[in-house]
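Examining the three-dimensional arrangement
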Amino acid sequence: MLGIEWRDELSLGFTVIDEQHKKLIQTMSDLNQAIINKEADKVLTGTFVNLFEYTNKHFALEEQYFEEFGYEDAEAHKAAHAYFVNMINEKFKRIYGDTHELSVELIGFLDLWLVGHIMVMDKKYEECFKKNGVK
Ligand SMILES: [Fe+2]
Ligand SMILES: [Fe+2]
């Protein structure tokens, strides 16, 4: 597991972006807790709704900045976002199947992808965003 809880290491120093990342990590953390409590089936739909809602908003914001600032890694980064959305959509299609299996798979994917994405790809735009005055 890379990081089910928020930690300062994940902070990029941008208020809104950090808040959005925190919400995503919180969604992950809630799902993890539900799995431990064997109640994942109760939160799974809500987890997907949160993921769709938060990532939609969050990716749009990052991508809007990429455009505004002519960020050099924009295409690869946007492709990574699109991959994530696609993966979540695919997993959501199985919501009426084995919810335990889906929850465990989802948490594993989120832990690897989301945390990895923040630490590697999002970290890369830190300098560019700072230079362009994002607070
Ligand atoms: Fe991000
Ligand atoms: Fe991103």
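These notes cover the structure that comes with them. (Residues numbered from 1 in each chain as written. Chains lettered and ligands numbered in written order. Predicted model: local features only at pLDDT ≥ 70, side-chain atom pairs only at ≥ 80, totals over all residues. Heavy atoms only, no water.)

**Description of the overall build of the chain**
Each helix and strand counted, the chain has five helices and zero strands in total. In the chain, the order of α-helices and β-strands from amino to carboxyl end is α-α-α-α-α. By the compact-globule yardstick of 14 Å for 135 residues, the chain fits well, its C-alpha radius of gyration being 15 Å. For the chain, the spread of C-alpha atoms along the three principal axes comes to 45 × 30 × 20 Å. Burial analysis of the chain (135 residues in total) assigns 45% to the buried set. Relative to all contacts within the chain whose residues are 6 or more apart in sequence, the contacts with residues 24 or more apart total 76%. Summed over all atoms, the accessible surface of the chain reaches about 7500 Å², with 53% contributed by carbon and sulfur. With 15 positive and 24 negative side-chain charges, the chain shows a spacing of 1 Å between the two charge centroids. (Helix = DSSP H or I, 4+ residues; strand = E, 2+ residues; numbered from the N terminus. Rg over C-alpha atoms; globule rule 2.2 N^0.38 Å. Buried < 20%, exposed > 50% of the residue type's maximum accessible area, 1.4 Å probe, protein only. Contact = heavy atoms within 4.5 Å. Areas by Shrake-Rupley, 256 points an atom, 1.4 Å probe, with all protein chains shown as cover. Lys, Arg positive; Asp, Glu negative; His and termini not counted. Charge placed at Lys NZ, Arg CZ, Asp CG, Glu CD.)

**Here's the deal with the coordination of the iron ion (ligand 1)**
Donor atoms from the polypeptide that bind the iron ion (ligand 1) are His21 (NE2), His58 (NE2), Glu62 (OE) and Asp122 (OD), placed at 2.0 to 2.2 Å. Each of the four donor atoms bound to the iron ion (ligand 1) contributes to angles spanning 83 to 166 degrees, and the resulting shape is irregular. Donor residues for the iron ion (ligand 1) sit on one chain with the sequence pattern H-x36-H-x3-E-x59-D. Between the iron ion (ligand 1) and the iron ion (ligand 2), the interatomic distance is 3.4 Å, and Glu62 donates to each metal, bridging them. (Donors = N, O, S within 2.8 Å, 3.2 Å for Na, K, Ca; no water. Tetrahedral: all angles 85-135°; square planar, octahedral: opposite > 155°, others 65-115°.)

**Some words on the packing of aromatic side chains**
All chains considered together, the criterion is met by 16 aromatic pairs. Centre to centre, the rings of Phe59 and Trp113 are 6.4 Å apart; their planes meet at 65 degrees, and the pair counts as edge-to-face. Remark: Trp113 occurs in helix H4 (residues 99–124) and Phe59 occurs in helix H2 (residues 40–69); sequence separation between them is 54 residues. Taken as a pair, Phe59 and Trp113 share a single burial class, namely buried. Between Phe84 and Phe109, the aromatic rings sit 5.7 Å apart at their centres with planes inclined by 15 degrees, giving stacked as the arrangement. Of this pair, Phe84 sits in helix H3 (residues 74–92) while Phe109 sits in helix H4; the two residues are 25 residues apart in sequence, bridging distant segments of the chain. The same class applies to Phe84 as to Phe109, namely buried. Chaining the aromatic ring pairs together yields one cluster made of Phe14, Tyr65, Phe66, Phe69, Tyr71, Tyr125 and Phe129. Just above the ring of Phe109 sits the side chain of Lys91; from NZ or CZ to the centre is 5.2 Å. (Phe/Tyr/Trp six-rings, centres within 6.5 Å; stacked < 30°, edge-to-face > 60°. Lys NZ or Arg CZ within 6 Å of the ring centre and 35° of its normal.)

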